Amino acid sequence: MKPLPPRTLLWISVGVAFATIGLKGAAWYLTGSVGLLSDALESFVNLAGAIFALMMVTVAERPADGDHPFGHHKAEYFSSGFEGILVLGAALAILWASVHRLMLPAPIEQLGWGLALSVASSALNGLLAWMMLRSARAHRSVALEGDARHLITDVWTSAGVVAGILGVMATGWLWLDPVVAIAVALNIAREGGRLVWRASQGLMDEAVEPEERAAIDAALADFTRRQPGVRFDHVATRRAGRRRHVSLHLHVPGDWSLARAARLRAAVEQALVDAVPGLRATIELLPTGMEAVATPMEDDETRSLHP
């Protein structure tokens with residue numbers, strides 16, 4: 001089965017978020033469990049994250065224009081960062097409610113229905129997360145992957161809450177419920193921090209994944225074996241949402257004609273795109289023995305050619 005497009009899955013995620021809010025909210029109302037309350041609060045974060053991710057994916061799909069000649073692909077990183085901040089906020093709210101309940105324990109009621117509703121909502125989130133991860137890999141969608149990772153965390157969170165409630169049922173220790181909720185909050189905060197960190201790295205032009213860099217290097221090595229006197233250097237890569245970029249210098253013998261050098265450059269560009277689908281290559285053509293020298297900041301205005 002072909003993975004669904006990111007926008008379609010994010011619309012589904014919005015609908016599932018509303019459904020899980022209702023299920024988990026009802027579970028908390030029936031039981032009074034602060035653990036289930038923490039689970040319900042995180043579902044509001046799921047909803048906000050899915051809506052913002054949908055907005056950013058829509059922006060990222062816009063074509064390049066005069067103000068954004070390289071496209072809008074980085075918009076997806078804003079989604080990951082925004083969702084991470086929401087997750088951290090939810091973690092603080094859960095911690096506050098849990099500490100209050102730990103100081104003033106209260107009995108948990110109607111556990112059967114509460115647990116059933118919580119498990120049903122977790123099953124929805126788990127199925128959706130699996131579909132989203134599959135599509136994120138196929139479409140290289142950072143926003144979709146971030147939303148899926150958060151849903152997976154939500155599933156584990158629900159599992160922890162259910163374990164805490166079962167512990168209360170088995171032992172009668174009311175303090176187990178808020179203690180588990182505190183552990184859930186700390187886990188949520190950790191995931192929020194990871195989402196914010198990943199977004200920051202994407203906005204700072206992080207290099208492509210190791211397997212993609214290996215594919216680029218292999219394609220270039222093939223040309224150096226087949227074309228005597230040809231070499232490559234200054235290979236640099238970066239990610240921009242779904243797009244991948246590589247820039248490099250292509251050195252050819254000085255006695256080559258411009259047409260021959262241009263044909264080789266076109267062949268190298270095609271080989272790189274075949275190796276990493278969706279890659280955008282910027283290849284600077286130089287005669288052997290001449291180097292393009294730049295400052296460490298790679299400021300184009302300070303670059304010069306040296307034999």
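Note: the structure precedes this text.
The number of helices and strands found in the protein chain is 8 helices and 5 strands. The linear arrangement of helices and strands in the protein chain, starting from the amino end, is α-α-α-α-α-α-α-β-β-α-β-β-β. Counting across all 307 residues of the protein chain, residues that qualify as buried make up 44%. Taking as baseline every contact in the protein chain between residues at least 6 positions apart, the subset at least 24 positions apart corresponds to 72%.

Once that is clear, we can look at the sheet that holds strand S1 (residues 231–240). Sheet architecture is open: 3 strands sit in the order S1-S2-S3, paired in mixed fashion. The two strands at the open ends of the sheet, each matched to only one other strand, are S1 and strand S3 (279–287). Geometrically, the sheet is characterised by an average inter-axis angle of 15 degrees between neighbouring strands, direction not taken into account. In terms of strand pairing, S1 meets strand S2 (residues 243–252) through 8 bridges, oriented antiparallel. Note that in S2 the partner of Ala240 across the bridge is Arg243. Where helix H8 (residues 258–275) meets the sheet, its contacts fall on S1, S2 and S3, and the angle it forms with S3 comes to roughly 150 degrees.

Turning to the side chain of His245, a few remarks are in order. Looking at where His245 falls in the secondary structure, it is placed in strand S2. Each residue touching His245, except ones within four places of it in the same chain, is listed here: Val208, Ala236, Thr237, Arg238, Ala240, Leu279 and Arg280.

Applying the stated rule across the entire model yields 0 aromatic pairs. Cation over ring: Arg226 sits above Phe223, and NZ or CZ is 4.8 Å from the ring centre. Over the aromatic face of Trp256 sits the side chain of Arg260, whose NZ or CZ is 3.8 Å from the ring centroid.

Our next topic: a nonpolar patch on the surface. Nonpolar side chains collect at one region of the surface, where Leu102, Trp173, Trp175 and Val179 lie side by side and expose about 380 Å² of accessible area between them. Of note, Val179 is situated in helix H6 (residues 176–203). A residue is classified by how much of its surface remains accessible, and Val179, at 35% relative accessible area, is partly exposed.

Quick look at the environment of Met131 now. Within the secondary structure, Met131 sits in helix H4 (residues 111–139). Here Met131 falls in the partly exposed class, since its relative accessible area comes to 25%. It is 8.4 Å that separates the C-alpha atoms of Met131 and Ala148, two residues lying 17 residues apart in sequence. Among all residues touching Met131, those that are not within four sequence positions of it are Leu4 and Leu9.

Before going further, it helps to examine the pairing of S3. Strand direction decides the pairing type here: S2 and S3, joined by 9 bridges, are parallel. The residue bridging Val252 from the neighbouring strand is Pro287, located in S3. In terms of handedness, the path from S2 via H8 over to S3 forms a crossover that is right-handed.

Within the secondary structure, Arg244 sits in strand S2. Here the side chain of Arg244 touches Glu209 through a polar contact of 3.1 Å, side chain to side chain. What Arg244 contacts, discounting residues up to four positions off in sequence, is Arg140, Val208, Glu209, Glu212, Arg238, Arg239, Gly278, Leu279 and Arg280.

Located in the positive-phi region is His234, a residue other than glycine, with phi close to 50 degrees. Along the chain, His234 falls in strand S1. Of the residues examined, His234 reaches a relative accessible area of 43% and is grouped as partly exposed.

Before going further, it helps to spend a moment on the pattern of salt bridges. Side chains carrying opposite charge are able to pair once their charged atoms draw close together. Throughout the structure, instances matching the rule amount to 7 salt bridges. Note that Glu209 is salt-bridged to Arg244, the shortest N-O span being 3.1 Å. Of the two residues, Glu209 sits in the loop between H6 and helix H7 (210–226) while Arg244 sits in strand S2, which places them 35 residues apart along the sequence. An identical accessibility class is assigned to Glu209 and Arg244; each is buried. If you follow the salt bridges from partner to partner, you end up with Glu209, Glu212, Arg239 and Arg244 in one network.

Moving on, we come to the environment of Leu95. As for its position among the elements, Leu95 is in helix H3 (residues 75–103). According to the relative accessible area criterion, Leu95 is partly exposed, its value standing at 24%. Expressed as a C-alpha distance, the spacing of Leu95 and Val179, which sit 84 residues apart in the sequence, is 9.7 Å.

Procedures and definitions
- Note on numbering: residues in each chain are counted from 1, in written sequence order.
- Selection of residues for local features in this predicted model requires a pLDDT of at least 70, selection of side-chain atom pairs for listing and counting requires 80 or more, and totals for whole chains, interfaces and linings are taken over all residues.
- The side-chain quantities take in all heavy atoms of the structure and omit both hydrogens and water.
- Strands are runs of DSSP state E lasting at least 2 residues, helices are runs of H or I lasting at least 4, and numbering of each runs from the N terminus.
- Relative accessible area decides the class of each residue, using a 1.4 Å probe on protein chains only: under 20% of the type maximum gives buried, over 50% gives exposed, and in between gives partly exposed.
- Any two residues having at least one pair of non-hydrogen atoms within 4.5 Å are treated as being in contact.
- DSSP calls a pair of strands paired once it identifies at least 2 bridges connecting them.
- Note on method: axes are straight lines fitted to C-alpha atoms, helices fitted across the in-contact stretch only, with angles between N-to-C directions ranging 0 to 180 degrees.
- The aromatic pairing rule takes the rings of Phe, Tyr and Trp, using the six-membered ring of Trp, and pairs them if the centres are within 6.5 Å, calling planes under 30 degrees apart stacked, those over 60 edge-to-face and the rest tilted.
- In this scheme, Lys NZ or Arg CZ marks a charge over a ring once it lies within 6 Å of the ring centre and within 35 degrees of the ring normal.
- Residues form patches when they are more than 30% accessible in relative terms and have no salt bridge. Like charges link within 9 Å. Nonpolar side chains (Val, Leu, Ile, Met, Phe, Trp, Tyr) link within 5 Å.
- To measure how exposed things are, a 1.4 Å probe is used in the Shrake-Rupley method; for residues, cover is taken only from the protein chains shown.
- For this document, the term salt bridge refers to a Lys or Arg side-chain nitrogen within 4 Å of an Asp or Glu carboxyl oxygen.
- Classification remark: right-handed applies to a crossover when, strands pointing away from the viewer, the course from the first strand over the helix to the second runs clockwise.
- Nitrogen and oxygen atoms within 3.5 Å of one another constitute a polar contact, given that in protein one can donate a hydrogen and the other can accept it, and given that sequence-neighbouring residues count only through two side-chain atoms.

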